[in-house]
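# A closer look at the structure
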Amino acid sequence: AAGLFHSGLLAGKRVMITAGPTREALDPVRFLSNHSSGKMGYALAEAAIAAGARTTLVSGPVTLPIPEHAQYHPVESAAEMLETCLRLVSECDIFIACAAVADYRPEQVQGDKIKKNDAEMLLKLVRNPDIVSAVAAAEPRPFTVGFAAETRDLLAYARDKMQRKGLDMIIANDVSDQGIGFNSEENEVTIVCGQTEHALPRASKTIIARQIIEAIANSSGK
Ligand code: CTP
Ligand code: CA
């Protein structure tokens, strides 16, 4: 239980966490992004630090205070987040992908501000690289944990993502209910690791983060 959180659970371990949204530039003054607050990722960083881990936080733009004692790497785009994660992956034992990475980016970034010439404007988007998959494929690879935010068929989609991305653990996050998940204080998740599933009751992101860190500490040791 969260109340029994042991400090020292991750003593000597190096943890890297991605958090927040990414921003995909359209021109010098505009971008595509999403409503991720970064709260879950920052709560995980706080919990990892409290557990004694050397903690690196690779974060998109958010309005949260930087956790004390975190090695902080601010990034904007998915490409920048990928580059930072791959540069640092050999220095981490555990990787937790909590960022809400934009799935697509504008095919071209205009050098000058786009003018509103026509009544319509078509925007062509291209797929972004998958950061957690790239980390899971690195050599040597860290114990790799992803999140799956789903509005239906939660566990089936989460298991599918875990397999496709080569993850050791996935945190299945039901975002069908307004008021939990993406941009709120509370969350309700199921921890999926191998064949086991562990549903956590709805709680604050601080408490959920400690339970996730505890599960990772218990599963990553071997
Ligand atoms: N993720 C990532 N890089 C991306 C997209 C997602 O590292 N370009 C990570 C997220 O941080 C999360 C996991 O992959 O840990 C699942 O993200 P999610 O958006 O649920 O999955 P997608 O693979 O993007 O599939 P979809 O959005 O179509 O459900
Ligand atoms: Ca996605």
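Reading the values: the criteria
- In this convention, every chain numbers its residues from 1, walking through the sequence in written order.
- As they are written, the chains are lettered A onward and the ligands numbered 1 onward, keeping that order.
- For a predicted model such as this one, the threshold for reporting local features is a pLDDT of at least 70, and the threshold for listing and counting side-chain atom pairs is 80 or more; totals across whole chains, interfaces and linings nevertheless cover every residue.
- When DSSP locates at least two bridges between a pair of strands, those strands are taken to pair.
- Starting at the N terminus, helices and strands are each numbered in turn, a helix being any DSSP run of H or I of at least four residues and a strand any DSSP run of E of at least two.
- Every axis in this analysis is a line fitted to C-alpha atoms, fitted for helices over the stretch in contact. Angles between the N-to-C directions lie between 0 and 180 degrees.
- Each residue is represented by a C-beta atom placed from its backbone, and any two residues with such atoms within 7 Å are regarded as in contact.
- Defined on buried residues, the nonpolar core groups Ala, Val, Leu, Ile, Met, Phe, Trp, Tyr and Cys residues joined through C-beta atoms within 7 Å.
- Remark: C-beta atoms are placed from the backbone, and a residue is labelled buried if 20 or more other C-beta atoms sit within 10 Å of its own, exposed if 12 or fewer do, or partly exposed between those counts.
- UniProt positions are given in the numbering used here, feature names are shortened, and annotations may be inferred rather than shown by experiment.

The chain appears in an unreviewed UniProt entry as Coenzyme A biosynthesis bifunctional protein CoaBC from Pseudohalioglobus lutimaris.

### Some words on the sheet that holds strand β10 (residues 169–174)
Spatially, β5-β4-β1-β6-β9-β10-β12-β13 is the arrangement adopted by the eight strands of the open sheet, whose pairing is mixed. The open sheet has two edge strands with one neighbour each: β5 (71–74) and β13 (196–199). The average angle at which neighbouring strand axes cross in this sheet is 15°, direction not considered. Direction of pairing for β10 relative to strand β12 (residues 189–193): antiparallel, over a ladder of five bridges. Directly across from Ile 170, in β12, lies its bridge partner Val 192. Against the sheet, helix α1 (residues 39–50) contacts β1 (14–19), β4 (54–59) and β6 (94–97), and its axis sits at roughly 165° relative to β1.

### Things to note about the nonpolar core
Within the largest apolar cluster, 59 residues are counted, with the highest numbers of intra-cluster contacts made by Ile 17, Leu 44, Ala 48, Ile 170 and Ile 213. In terms of residues, this core owes the most to one element, α1, which gives nine residues. Setting aside its immediate chain neighbours within four residues, Ile 213 contacts Leu 9, Leu 10, Leu 44, Ala 47, Ala 48 and Ala 51.

### With respect to the UniProt feature "binding site: CTP" (unreviewed entry) in the chain
Cross-referencing UniProt, the feature "binding site: CTP" (unreviewed entry) maps to Asp 103, Lys 113, Pro 129, Asp 130, Ile 131, Val 132, Phe 147, Lys 161 and Lys 165 in the present numbering. Of the residues just listed, which span 63 residues, the most distant C-alpha pair is 37.6 Å apart, and they do not cluster in one region. Of note, Phe 147 is situated in strand β9 (residues 143–150). On the basis of neighbour count, Phe 147 is assigned to the buried category, with 25 C-beta atoms found within 10 Å. You can see Lys 161 is positioned in helix α4 (residues 154–165). What makes Lys 161 partly exposed here is the crowd of 19 C-beta atoms within 10 Å. Each residue touching Lys 161, except ones within four places of it in the same chain, is listed here: Gly 146, Ala 148 and Ile 170.

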